[in-house]
Amino acid sequence: MKKLMLLGLAVFGLASASSVPAQAASQSTKLPVSYQGVWYGYVGRTKQHGKTYYEVDKMTITNIRLTVADMFSSNQNLTHQKWQYSLVLPLAITKKVNQKGHERYVLRANAVKFAGSALPTLRQKQVKVNGKKTTALWLRAEGDNTYAFRRPLRTHSWGPDNYFN
């Protein structure tokens, strides 16, 4: 479901690129360095021709672009990943601060504003992974919470852990 959400975001952003006003990009803010770089989200596992594969989304975030590469590995520890395809989205980023002072960043593909509930937002959060607290990138879109980490981990799946075909 998360993969479809990212794909839908990409398609919508690319389809509406010609209708984006030039001034919208100037209103965007810079993303903090701690949010930028490479993040990995575990999608789940699938079985093809009797062999189990583990799918990972590799996200590279900059101030102007989000690149999502769909990767897969036959190793449980998610090493030796192989590329399947990539999506590249130009971004406009808006910073929001609530009354408690918590910052979140709203991503807009090609500066197109979606319905309020569909705006993807980013926030960093401490989550437990194997008993240790780890900083994760918390992505919230369309009411779903997903987490991405600086290295590939098989925790906090973006989809059903088993989606056997």
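Please refer to the structure placed before this passage.
In this text, all values refer to a predicted model and were calculated from it rather than measured experimentally.

### Brief notes about the overall build of the protein
Looking only at helices and strands, the protein has one helix and eight strands in total. Along the chain direction, N to C, the helices and strands of the protein fall in the order α-β-β-β-β-β-β-β-β. Across the protein, the fraction of contacts at a sequence separation of at least 24, relative to all contacts at a separation of at least 6, is 45%. When the accessible surface of the protein is totalled, it reaches about 9,500 Å², and 53% of it is carbon and sulfur.

### Quick look at the pairing of strand β6 (residues 121-129)
Consecutive residues of a regular strand have side chains that alternate between opposite faces of the sheet. For β6 and strand β7 (residues 132-141), the ladder comprises nine bridges, and the chain directions are antiparallel. Across the sheet, residue Lys128 finds its bridge partner in β7, namely Lys133.

### Side note on the packing of aromatic side chains
In the structure shown here, the tally under the stated rule is two aromatic pairs. Seen in terms of ring centroids, Tyr35 and Tyr105 are 5.0 Å apart; in terms of plane orientation they differ by 65 degrees. Their pairing is edge-to-face. With Tyr35 in the loop between α1 (2-15) and β1 (37-48) and Tyr105 in strand β5 (residues 103-109), this residue pair connects regions lying 70 residues apart in the sequence. Like Tyr105, Tyr35 is buried. Judged by centre distance (5.7 Å) and plane angle (80 degrees), the ring pair of Tyr53 and Phe72 falls under edge-to-face. Taken together, the residues Tyr53 in strand β2 (residues 51-61) and Phe72 in strand β3 (residues 65-73) connect sequence positions 19 residues apart. On the accessibility criterion, Tyr53 (23% relative accessible area) is partly exposed. Residue Phe72 is classed as partly exposed on the basis of its relative accessible area of 24%. In this arrangement the basic side chain of Lys125 is found over the ring face of Trp138, its NZ or CZ atom lying 4.5 Å from the centre. The ring of Trp39 carries the charged tip of Arg150 above its face, separated from the ring centre by 3.9 Å.

### What to know about unusual backbone geometry
With a phi angle near 65 degrees, Leu78 is a residue other than glycine that sits in the positive phi range. Counting through the fold element by element, Leu78 comes out in the loop between β3 and β4 (82-97). The buried category is assigned to Leu78, whose relative accessible area is 4%. With a phi angle near 55 degrees, His80 is a residue other than glycine that sits in the positive phi range. Secondary-structure assignment places His80 in the loop between β3 and β4.

### Here's the deal with the nonpolar core
If you look at the biggest cluster of nonpolar residues, it comprises 17 residues, and the most contacted ones within it are Met59, Ile61, Leu66, Leu122 and Leu137. Take this core: its biggest share by element is three residues, from β4. Excluding its chain neighbours within four sequence positions, the residues that come into contact with Leu66 are Met59, Thr60, Ile61, Leu87, Val88, Leu89 and Leu91. Listed in part, the seven residues of the second largest apolar core include Val127, Ala136, Trp138 and Leu153.

What counts as what
- Residues numbered from 1 in each chain as written.
- Predicted model: local features only at pLDDT ≥ 70, side-chain atom pairs only at ≥ 80, totals over all residues.
- Heavy atoms only, no water.
- Helix = DSSP H or I, 4+ residues; strand = E, 2+ residues; numbered from the N terminus.
- Contact = heavy atoms within 4.5 Å.
- Areas by Shrake-Rupley, 256 points an atom, 1.4 Å probe, with all protein chains shown as cover.
- Pairing = 2+ DSSP bridges.
- Phe/Tyr/Trp six-rings, centres within 6.5 Å; stacked < 30°, edge-to-face > 60°.
- Buried < 20%, exposed > 50% of the residue type's maximum accessible area, 1.4 Å probe, protein only.
- Lys NZ or Arg CZ within 6 Å of the ring centre and 35° of its normal.
- Core = buried A, V, L, I, M, F, W, Y, C linked by side-chain atoms within 4.5 Å.

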